[in-house]
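# Observations on the three-dimensional arrangement
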Amino acid sequence: MISPIDVFNSWVLNGKDEGMQKNHSIAVNSMIQMLIGKSNKEFSFIDAGCGNGWVIRKINLHDLCSYSIGVDGSKNMINKAKKIDPSGNYVCSDLIQWKPKEKVDFVHSMEVLYYFENPSKLLKNIYDYWLKKEGTLIVGVDFYKENLISHSWPERLNTKMTLLSKKEWFECFRQAGFSHVQLSQINSGNDFEGTLVIKANL
Ligand SMILES: C[S@@+](CC[C@H](N)C(=O)[O-])C[C@H]1O[C@@H](n2cnc3c(N)ncnc32)[C@H](O)[C@@H]1O
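What comes next concerns the included structure. Predicted model only: the values in this text are computed from it and were never measured. (Residues numbered from 1 in each chain as written. Predicted model: local features only at pLDDT ≥ 70, side-chain atom pairs only at ≥ 80, totals over all residues.)

Turning next to the packing of helix H1 (residues 4-13) against helix H4 (residues 75-84). Remark: H1 packs on H4, axes separated minimally by 7 Å, with the N-to-C direction vectors making an angle of 40°. It follows that H1 is oblique to H4 by the angle criterion. In contact with Phe8, Asn9, Val12 and Leu13 of H1, H4 contributes Lys75, Asn76, Met77 and Lys80. Here the contact of H1 with H4 is composed, by residue class, of four nonpolar, two polar and two charged. (Axes fitted to C-alpha atoms, helices over the stretch in contact; angles between N-to-C directions. Helix = DSSP H or I, 4+ residues; strand = E, 2+ residues; numbered from the N terminus. Parallel < 35°, antiparallel > 145°, perpendicular 65-115°, else oblique. Contact = placed C-beta atoms within 7 Å. Nonpolar A, V, L, I, M, F, W, Y, C, P; charged D, E, K, R; others polar.)

Moving on, we come to the environment of lysine 132. As for its position among the elements, lysine 132 is in strand S5 (residues 131-141). Using a count of 14 C-beta atoms within 10 Å as the deciding quantity, one classes lysine 132 as partly exposed. (Buried ≥ 20, exposed ≤ 12 C-beta atoms within 10 Å, placed from the backbone.)

A few words on the site of the ligand. Not every one of the 20 residues close to the ligand is listed here, only the nearest: Met20, Gly49, Gly51, Gly73 and Ser74. Of all the secondary-structure elements, those providing two or more residues to the shell around the ligand are H1 and helix H2 (17-36). Residue composition of the shell around the ligand, grouped by class: eleven nonpolar, six polar and three charged. (Near = placed C-beta within 6 Å.)

What follows concerns H1. Among the residues of H1, those classed as buried are Phe8, Trp11 and Val12. Here the buried residues of H1 occupy an arc of 100° about the axis, which is enough to place them on one side. Glycine 15 occupies a position one or two residues after H1 and carries a positive phi of about 75°. (Arc of directions from axis to C-beta.)

Now the structure itself:
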């Protein structure tokens, strides 16, 4: 088995990182709408597992975004993000131990959390060190128990993934301390159960 970071390092070498922007855009656009909505206050933003940084470049265009930072464990992803956007903030680090210098209003993460053996541990780090008091976290995952077509992915990518049900995801967020944990499924169709979106407050 290959580590998820090595898988994604290799994706940059063959340009597969760009496919993620195409495939995740619909869900991410809805997630950003759910996160920021009609808010008229300035906000700061972290993308946890930002890949090549496309969500950071998108959010930086928002009039009310005062600061944003993308974090990813893949050196190749972060080098690519910095090359495309030299003035953006991108950091290469394992999310499990990274802490921002200042807490933010919003944390977003798309298709990242199931690469952790114990997602609650990462959620606890976010809860304790990343978010301001009134902060909100939004997470999207396509790999979950009820989405049967996703079950073959660990074998296909030859890497470890943690398969949880909707109820188990809910419990992970609660275990980490989050309140107002809300689950929804978006963009479902054919055999795809939809992206499981989990939104929670501190
Ligand atoms: C499926 S990609 C999603 C990337 C991006 N969110 C997007 O939608 O395009 C998963 C990302 O999680 C990152 N990742 C996986 N495990 C990580 C870890 N332990 N620490 C930091 N990043 C990690 C990978 O490097 C990869 O860029």
